[in-house]
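Now for the letters of each chain:
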Amino acid sequence: MRAEEQRLLERFMWLSIAAAAVTIALKITAAWVTGSVGFFSDAIESVINLVAAVVGLWALKLAAKPADANHNFGHAKAEYFSAQVEGAMILVAAIIIIVTAVGRILDPQPVDQLGIGLLFSVISTLVNLAVGLVLVRSGQKYRSSTLTADGKHLLTDVWTTVGVIVGMALVALTGREVLDPIVALIVGANILFTGYRLLRGAMQGLLSEALPAEELEVVDTFLRRFEEEHGVEFTSVRTAAFGRDRLLNLIMQVPGSWTVSQSHELADATEAGLAQALGGAETTVHIEPLGHRAAARGLTPGDTFGA
């Protein structure tokens, strides 16, 4: 099942690469025909999309490699590096766009054949919108930060192109050519913010951030039900998102009269149950006697259940 999922994710990245190649051709043509710095800034972002998609494909392949002697927990965090690369490249693109726009504000240039340029931009926007929605939904479904980041980047590109189209329409209606670089400047600022958010999210992943709130709720619900059914208590529950994987570490307190075999059987049931509830997880269960003092359950800030 994991191999099939991996192949599916790689196909999504190939779809992103193809979409980037198509939109680059459309946007560069629009920029060349019109001489618009707005269309030029939009084309630069699509070039970044292509490079980021290639890096994302590499990261997905690396993340799928099994654990080895140097990486005992596997290579799942490689996806966060992909998101970092994408975020950094977006920042570079934003700086190029802003510098170019400022130059055109100081020295406005005429814009030609807006109709053709707008047509190419609309087509590229529809391509990015369709592919971006597919990638974001698939990234959330399969817990892939690479797909999610790439999809959000494409959707940001959609808004970028919409902004450029609006700017070009204003130039056509008013004849004020300075509106072209002004729109490009706004687009550059928006891209700058997107790059910052991607970098921040990737850094949180590399720091082994706890599972999202909705997944913590799933864990808490399962553990409470398990406690009621089997007469045990869980404490010191720690979680971490590890790329597409989920890591959990917890203490299960059992009656002191239980045998090692009986305790171990329930520990195995806990690990299997959490994996099923979360759609895949690696759980380590430590056994202690009931009443042993342990750290508070670490599901959410301030939660002391099981302490």
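Along each chain, residue indices are assigned from 1 in the same order as the chain's sequence is written. Local features in a predicted model are, by the rule used here, given only for residues with pLDDT of at least 70; side-chain atom pairs are given and counted only at 80 or more, and totals for whole chains, interfaces and linings are based on all residues. Water and hydrogen atoms play no part in the side-chain values, which are based on all heavy atoms of the structure.

A. Highlighting the overall build of the protein. Each helix and strand counted, the protein has eight helices and three strands in total. Numbered from the N terminus, helices here are DSSP runs of H or I no shorter than four residues, and strands are runs of E no shorter than two. Starting at the N terminus and walking to the C terminus, you meet the elements of the protein as α-α-α-α-α-α-α-β-β-α-β. A simple rule labels every residue: compare its accessible area, found with a 1.4 Å probe on the protein chains alone, to the largest value its type can have, and call it buried under 20%, exposed over 50%, or partly exposed in between. Per-residue burial over the protein gives 46% buried out of 307 residues. Here a residue-residue contact requires only that any non-hydrogen atoms of the pair lie within 4.5 Å. Of the contacts made within the protein by residues no fewer than 6 positions apart, 75% connect residues no fewer than 24 positions apart. Residue-level accessible areas treat just the shown protein chains as cover; the underlying method is Shrake-Rupley with a 1.4 Å probe. Carbon and sulfur atoms form 64% of the exposed surface of the protein, whose accessible area is close to 14800 Å².

B. Just the packing of helix α7 (residues 213–230) against helix α8 (residues 260–278), in detail. Only the contacting stretch of a helix is used when fitting its axis, a line to C-alpha atoms as for every element, and angles between N-to-C directions run 0 to 180 degrees. Running from amino to carboxyl end, α7 crosses α8 at an angle of 145°, the nearest separation of the two axes being 10 Å. The interaxial crossing formed by α7 with α8 has right-handed handedness. Across from Glu215, Val218, Val219, Phe222, Leu223, Phe226 and His230 in α7, the residues of α8 making contact are Leu266, Ala269, Thr270, Gly273, Leu274, Ala277 and Leu278. Tallied by class, the residues present in the contact of α7 with α8 amount to ten nonpolar, three polar and one charged. Should the near helix be turned anticlockwise from the far one by less than a right angle, the crossing is left-handed, and should it be turned clockwise, the crossing is right-handed. Any residue outside Ala, Val, Leu, Ile, Met, Phe, Trp, Tyr, Cys, Pro, Asp, Glu, Lys and Arg is labelled polar, Gly included; the first ten of those are nonpolar and the last four are charged.

C. Region of the structure containing the environment of Gln84. Among the structural elements, Gln84 can be located in helix α3 (residues 78–106). We classify Gln84 as buried; its relative accessible area is 18%. Each C-alpha atom, one on Gln84 and one on Gly195, is 8.8 Å from the other, the two residues being 111 residues apart in sequence.

D. Broad picture of the environment of Ile97. The topology assignment puts Ile97 in helix α3. By relative accessible area, Ile97 is classed as buried at 1%. Through-space distance from the C-alpha of Ile97 to that of Val187 is 8.1 Å; in sequence the pair is 90 residues apart. Excluding residues within four positions of it along the chain, Ile97 makes contact with Ser41, Ile44, Ala184, Gly188 and Ile191.

E. Spatial organisation of the environment of Asn49. With respect to the secondary-structure elements, Asn49 resides in helix α2 (residues 37–63). Along the sequence, Asn49 and Gly151 sit 102 residues apart, while their C-alpha atoms lie 9.8 Å from each other. Beyond its immediate sequence surroundings of up to four residues, Asn49 is in contact with Ala20, Asp150, His153, Leu154 and Asp157.

F. Region of the structure containing a nonpolar patch on the surface. Patch members must show over 30% relative accessible area and no salt bridge, and they are joined within 9 Å when carrying like charges or within 5 Å when they are nonpolar side chains of Val, Leu, Ile, Met, Phe, Trp or Tyr. Criterion for a salt bridge: a side-chain nitrogen of Lys or Arg within 4 Å of a carboxyl oxygen of Asp or Glu. Residues Trp159, Val162, Val166 and Leu170 make up a contiguous nonpolar surface patch of about 390 Å² in total accessible area. The class for Trp159 is exposed, based on a relative accessible area of 63%.

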